[in-house]
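Fold and contact review
Next come the chains, spelled out residue by residue.
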Amino acid sequence: MFFHVRMDVQLPPGLDAAPLLAQEKARAAELQRSGVWPGLWRVVGEYANISIFDVPTNDDLHEILSSLPLFPYMKIHVTPLATHPSKI
Ligand SMILES: O=C(O)C[C@H]1C=CC(=O)O1
């Protein structure tokens, strides 16, 4: 099942984010290599991304998103995707 996910990152001022960003990058790479995170784009001009996740259930997606080291600092909006009847 595909999900369109937008993540907006808001780091608190004064936080030393370097270790967190390194952990996030490693976790994102792991999830991309495993195939569950097939799409990841930066939103131009914003500290945000648009992602596609391919996971079996809502619960799986929640588990993955909440495992991200930046999860406490992101506003996340999820759109579940269904097959379009006109898709060939
Ligand atoms: O930078 C971001 O958009 C937040 C997050 C998503 C992937 C990643 O490496 O960091």
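Residue positions are given per chain, counting from 1 as you read along its sequence in written order. This being a predicted model, a pLDDT of at least 70 is required before a residue's local features are given, and a value of 80 or more before pairs of side-chain atoms are given or counted; all residues contribute to the totals for chains, interfaces and linings. Side-chain numbers here rest on the full set of heavy atoms in the structure, without hydrogens or water.

This is how it is decided: UniProt positions are given in the numbering used here, feature names are shortened, and annotations may be inferred rather than shown by experiment.
The protein chain is annotated in an unreviewed UniProt entry as Muconolactone Delta-isomerase from Kribbella rubisoli. On record in UniProt, under Sequence similarities (unreviewed entry), the comment for the protein chain is "Belongs to the muconolactone Delta-isomerase family."

A closer look at the site of the ligand
What counts is decided by this rule: Here a residue is considered near a molecule or strand provided that any single heavy atom belonging to it is located within 4 Å of it. In protein, a polar contact means a hydrogen-donor-capable atom and an acceptor-capable atom, both N or O and within 3.5 Å, with residues adjacent in sequence counting only if both atoms are side-chain atoms; elsewhere, any N or O pair within 3.5 Å suffices. The Shrake-Rupley method, run with a 1.4 Å probe, gives the accessible areas here. Residue values count only the displayed protein chains as cover. Any residue outside Ala, Val, Leu, Ile, Met, Phe, Trp, Tyr, Cys, Pro, Asp, Glu, Lys and Arg is labelled polar, Gly included; the first ten of those are nonpolar and the last four are charged.
In the vicinity of the ligand, the contacting residues are V9, E24, A28, W37, R42, Y47, N49 and L70. Separating an oxygen atom of the ligand from a side-chain N or O atom of E24 is a distance of 3.5 Å. With the chains in place, 87% of the 270 Å² that the ligand exposes on its own is no longer accessible. Per-class residue counts for the shell around the ligand are five nonpolar, one polar and two charged.

What about the side chain of N49?
As a reminder, the rule being used: Segments assigned H or I by DSSP are reported as helices when at least four residues long, segments assigned E as strands when at least two residues long, and all are numbered from the N terminus. Exposed residues in this analysis have more than 50% of their type's maximum accessible area, buried residues have under 20%, and partly exposed residues fall in between, with area computed by a 1.4 Å probe over protein chains only. Pairs of residues are marked as contacts when any of their non-hydrogen atoms sit within 4.5 Å.
With respect to the secondary-structure elements, N49 resides in strand β3 (residues 48–54). Classification of N49 by relative accessible area gives buried; the value is 8%. A distance of 2.7 Å separates a polar atom in the side chain of N49 from a polar atom in the side chain of S51. Leaving out residues up to four positions away in the same chain, N49 has contacts with V5, R6, M7, L40, W41, R42 and V43.

Quick word on the pattern of salt bridges
To keep it simple, the criterion reads: A carboxyl oxygen of Asp or Glu within 4 Å of a side-chain nitrogen of Lys or Arg is what we treat as a salt bridge.
Overall, the coordinates contain three salt bridges when judged by the stated rule. Residue D8 is joined to R6 by a salt bridge in which the shortest nitrogen-to-oxygen separation is 2.9 Å. Note that R6 is salt-bridged to E46, the shortest N-O span being 2.5 Å. You can see R6 sitting in strand β1 (residues 2–9) and its partner E46 sitting in the loop between β2 (39–42) and β3, a full 40 residues away along the chain.

Quick look at helix α2 (residues 58–66)
To be explicit about the condition: This arc is taken over the directions from the axis of the helix to the C-beta atoms.
Taken together, the buried positions of α2 are occupied by L61, I64 and L65. Buried residues of α2, viewed axially, fall in a sector of 95°; they line one side. Exposed and facing more than 90 degrees away from the buried side of α2 are D59, H62 and E63. Buried residues along α2 sit against β1, α1 (18–34), β3 and β4 (74–81).

A closer look at the nonpolar core
Note the threshold: As used in this record, nonpolar core signifies buried Ala, Val, Leu, Ile, Met, Phe, Trp, Tyr and Cys residues forming a set joined through side-chain atoms within 4.5 Å.
Membership of the largest hydrophobic core comes to 17 residues, with the highest contact counts inside it found for V5, M7, W37, F53, L61, L65 and L68. Among the elements that take part in this core, β1 stands out by supplying four residues, more than any other. Residues in contact with W37, not counting those within four places in the same chain, are M7, A28, L31, Q32, S51, I52, F53 and L68.

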